[in-house]
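Okay, here's what each chain looks like letter by letter:
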Amino acid sequence: MRRYRRPLGPTWWLTQRAYFLFMLRELTSVFIAAYLALLLLGVYRLSLGREAYEAYLQLLATPGMLFFHVVALIAALFHTLTWFDVLPKVLVVRFGERRLPGAIVAGVNYVAWVVVSAVIAWILLRG
Amino acid sequence: MPEPTMTLEILRYRPERDRAPSIQPYEIPYRADWVVLDAINYVKDNLDGTLSYRWSCRMGVCGSCGMMINGVAKLSCATFLKDYYPAPVRVEPLAHFPVERDLVIVMDDFMEKLGRIRPWIIRGDEQPLSEGEYRQTPAQLATYKQFSMCINCMLCYSACPVYGLEPGFLGPAAIALAQRYNLDSRDQGSGQRALILTSQHGIWDCTLVGECTSVCPAQVDPAGAIQQAKLASTLDWYFSVLLPWG
Ligand code: SF4
Ligand code: FES
């Protein structure tokens, strides 16, 4: 008997909110990659000498670049938070028959985030 | 007062006469305590006896009544009309599977995959009968119990776009079942299953969309099972590289 197959169309990720959020998460990697490329460019310009580096800094200060950095920051935050929330799925901590609630496992990420951010802020702002 | 009614839009496919499926609307009485399956049964009994679909238990344990309800994979016996009324409800066969007839899908692929991961207790060394049964503590049972609750409803496959795009993907329920046996203290077959889990279209096809877990009616958390299998497989690999005897 003839069976009917329904192939997935190219817009499948628009059909449900969860799929859309997934695609958004995957898309964030583009911004993170672009940011890294920009960072590498900075290192390269630094190797070319002071003038080249200053020109690079000036480029960074343009409105377009500032806008890009804001978007990249939001993308990085979104991406990171999704990873934070994956941890309880991956890491199962058990005490006998009981499993440590996922919120606590994920919470460790958030605490570590705050602590590391505080340390970095302290290093940068102390002098 | 006339009885309230609502519309059920059901996908029909009769391979002997239809080239492609079409949507057929049915006007059904609305009852607040009806689930979608009740409404489909009403159609079959009163409006159109040719409608084909699967169901059995009517209580969320047999796993045979899975359908796409307004585009979301659900058990039709556990989905109430009142959550949609008065808007029409669209009922389609489970996504990503070939359609046999109307709401009936072909599940051969799923059955083959379930068998492929060797879902039974594999022993390297069989202990003699005189030593009695393989015993297990409640804590050992707890490590895999969640993954053993699967009712094979295939909702997770219909929710998984990776499976939709790549039908070769081993898929959520099969991987969760493999993980169920791998975590069982009586089992010694994880080496055999690793070959299947890490093969092409095994666990690494998963991009963690996470919808399998959202739609699972048995709280199996197949997405969690897959990520845990990825972690276990990665650790295995590191140990085999770092420890010459590993
Ligand atoms: S894992 Fe959940 S959704 Fe998938 S087949 Fe089993 S019970 Fe159904
Ligand atoms: S009829 Fe058995 S799960 Fe719905």
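Anything mentioned here points back to the structure above.
Thresholds, definitions, all that
- Residues numbered from 1 in each chain as written.
- Chains lettered and ligands numbered in written order.
- Predicted model: local features only at pLDDT ≥ 70, side-chain atom pairs only at ≥ 80, totals over all residues.
- Heavy atoms only, no water.
- Near = heavy atom within 4 Å.
- Nonpolar A, V, L, I, M, F, W, Y, C, P; charged D, E, K, R; others polar.
- Buried < 20%, exposed > 50% of the residue type's maximum accessible area, 1.4 Å probe, protein only.
- Helix = DSSP H or I, 4+ residues; strand = E, 2+ residues; numbered from the N terminus.
- Pairing = 2+ DSSP bridges.
- Contact = heavy atoms within 4.5 Å.
- Buried area = accessible area lost by both parts, 1.4 Å probe.
- Salt bridge = Lys/Arg side-chain N within 4 Å of Asp/Glu carboxyl O.
- Polar contact = N/O pair within 3.5 Å; in protein donor to acceptor, adjacent residues only side chain to side chain.

Draft legend 1. Examining the site of ligand 1 more closely. Lining the immediate environment of ligand 1, one finds 13 residues, of which B:Cys150, B:Cys153, B:Met154, B:Cys156 and B:Cys216 sit closest. Of the residues that constitute the shell around ligand 1, the class distribution is 12 nonpolar, 1 polar and no charged.

Draft legend 2. Spotlight on the pairing of strand E1 (residues 5–12) of chain B. All names here are of chain B. Most of E1 is tucked away, with 6 of its 8 residues classed as buried. Relative to strand E2 (residues 22–29), E1 runs antiparallel, the two being bridged by 8 bridges. Paired with Leu11 across the bridge in E2 is Ile23. One ladder, built from 3 bridges, connects E1 with strand E5 (residues 89–92); its direction is parallel. If you follow Ile10 over to E5, its bridge partner there is Val91.

Draft legend 3. How the structure looks around the interface of chain B and chain A. Taken together, the 40 residues of chain B in the interface contact 22 residues of chain A. Note on chain B versus chain A: buried area summed over both sides is about 2700 Å², and carbon and sulfur give 57% of it. The largest share of the area that chain B buries against chain A comes from B:Pro98, B:Leu208 and B:Gln228, three residues that together contribute 16% of it. The residue B:Glu100 makes a salt bridge to A:Arg3 at a minimum N-O spacing of 3.9 Å. Where chain B packs against chain A, one counts 13 residue pairs in polar contact (both at pLDDT 80 or more). For the side of chain B that touches chain A, the secondary-structure elements that each account for two or more residues are strand E6 (99–101), helix H3 (138–145), helix H4 (155–159), helix H5 (161–165), helix H8 (211–215) and helix H9 (222–242) of chain B. Sorting elements by how many residues they give to the side of chain B that touches chain A places H9(B) first, with 5 residues. Residue classes in the side of chain B that touches chain A are distributed as 23 nonpolar, 11 polar and 6 charged.

Draft legend 4. Quick peek at the side chain of A:Thr82. As for its placement among the helices and strands, A:Thr82 is situated in helix H3 (residues 63–90). A polar atom in the side chain of A:Thr82 sits 2.5 Å from the backbone oxygen of A:His79.

Draft legend 5. Just the side chain of B:Asn41, in detail. In this fold, B:Asn41 is placed in helix H1 (residues 36–47). Within the structure, B:Asn41 has its side chain in polar contact with the side chain of B:Tyr53 (distance 2.5 Å).

Draft legend 6. Spotlight on the environment of B:Thr198. Residue and element names in this part refer to chain B. By the secondary structure assignment, Thr198 is in the loop between helix H7 (190–197) and H8. For Thr198, a relative accessible area of 39% puts it in the partly exposed group. Once residues within four sequence positions are removed from consideration, Thr198 is found in contact with Ile203, Trp204 and Ser233. Polar contacts involving the side chain of Thr198 include one to the main-chain carbonyl oxygen of Ala194, which spans 2.7 Å.

Draft legend 7. Local environment of unusual backbone geometry. Residue and element names in this part refer to chain B. Cis peptide bonds are those with omega within 30 degrees of zero, and the linkage from Tyr85 to Pro86 qualifies with 0°. A positive phi is found at Arg58, a non-glycine position, where the angle reads about 60°. By the element assignment, Arg58 lies in the loop between H1 and strand E3 (66–69). Positioned with a positive phi, Asn70 is a non-glycine residue whose angle comes to about 50°. Turning to its location among the elements, Asn70 is positioned in the loop between E3 and strand E4 (72–75).

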